[in-house]
Amino acid sequence: MAKKLVIKVTAGADAPERCSQAFTVAAIAVASGVEVSLWLTGESSWFALPGRAAEFELPHAAPLPDLLESIRTAGQITLCTQCAARRDITEKDVLDGVRIAGAQVFVSEIMADDVQALVY
């Protein structure tokens, strides 16, 4: 069994089911004691900002702010460097505990031993 789960979510409000699935899997993994690293890329980048998750709605899905908070509390959340730059998001804009990092860090994480990577 993988000791760490790295999840890259590329979808936001533009593909709500795919977005919700990524956050749900990450939150369930954290609750199960799995080490989780969630990467926000593309349209999911907006969820690194305070209050943005509260704007997300998907019927019959767990509230995104709750999922995000559980991941943030017990896991690592990273905002893609290029995605942040394209949206004029800086380190001073993001939620506490969210880091901004690039492809080199992502590749380093997914190539480590005992890691499972998922992309949504």
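A brief report on the enclosed structure follows. Note that the structure is a prediction, hence the values are computed from the model and not measured.

## Re the overall build of the protein
Along the backbone of the protein there are four helices and five strands. The globule rule puts the C-alpha radius of gyration for 120 residues at 14 Å, and the 13 Å found for the protein is close to it. Along the three orthogonal principal directions, the C-alpha set of the protein runs to about 35 × 35 × 25 Å. Residues counted as buried form 42% of the 120 residues belonging to the protein. Taking all contacts inside the protein whose residues are at least 6 apart in sequence as the whole, residues at least 24 apart take part in 69%. Averaging the coordinates of the 10 positive side-chain charges in the protein and doing the same for the 15 negative ones gives two points 5 Å apart.

## Remarks on the environment of E35
Relative to the helices and strands, E35 resides in strand β2 (residues 35-40). The class for E35 is partly exposed, based on a relative accessible area of 47%. Sequence separation between E35 and V6 is 29 residues; the distance between their C-alpha atoms is 8.5 Å. With near-sequence residues (within four places) excluded, E35 lies in contact with K3, K4 and L5.

Criteria and cut-off values
- Residues numbered from 1 in each chain as written.
- Predicted model: local features only at pLDDT ≥ 70, side-chain atom pairs only at ≥ 80, totals over all residues.
- Heavy atoms only, no water.
- Helix = DSSP H or I, 4+ residues; strand = E, 2+ residues; numbered from the N terminus.
- Rg over C-alpha atoms; globule rule 2.2 N^0.38 Å.
- Buried < 20%, exposed > 50% of the residue type's maximum accessible area, 1.4 Å probe, protein only.
- Contact = heavy atoms within 4.5 Å.
- Lys, Arg positive; Asp, Glu negative; His and termini not counted.
- Charge placed at Lys NZ, Arg CZ, Asp CG, Glu CD.

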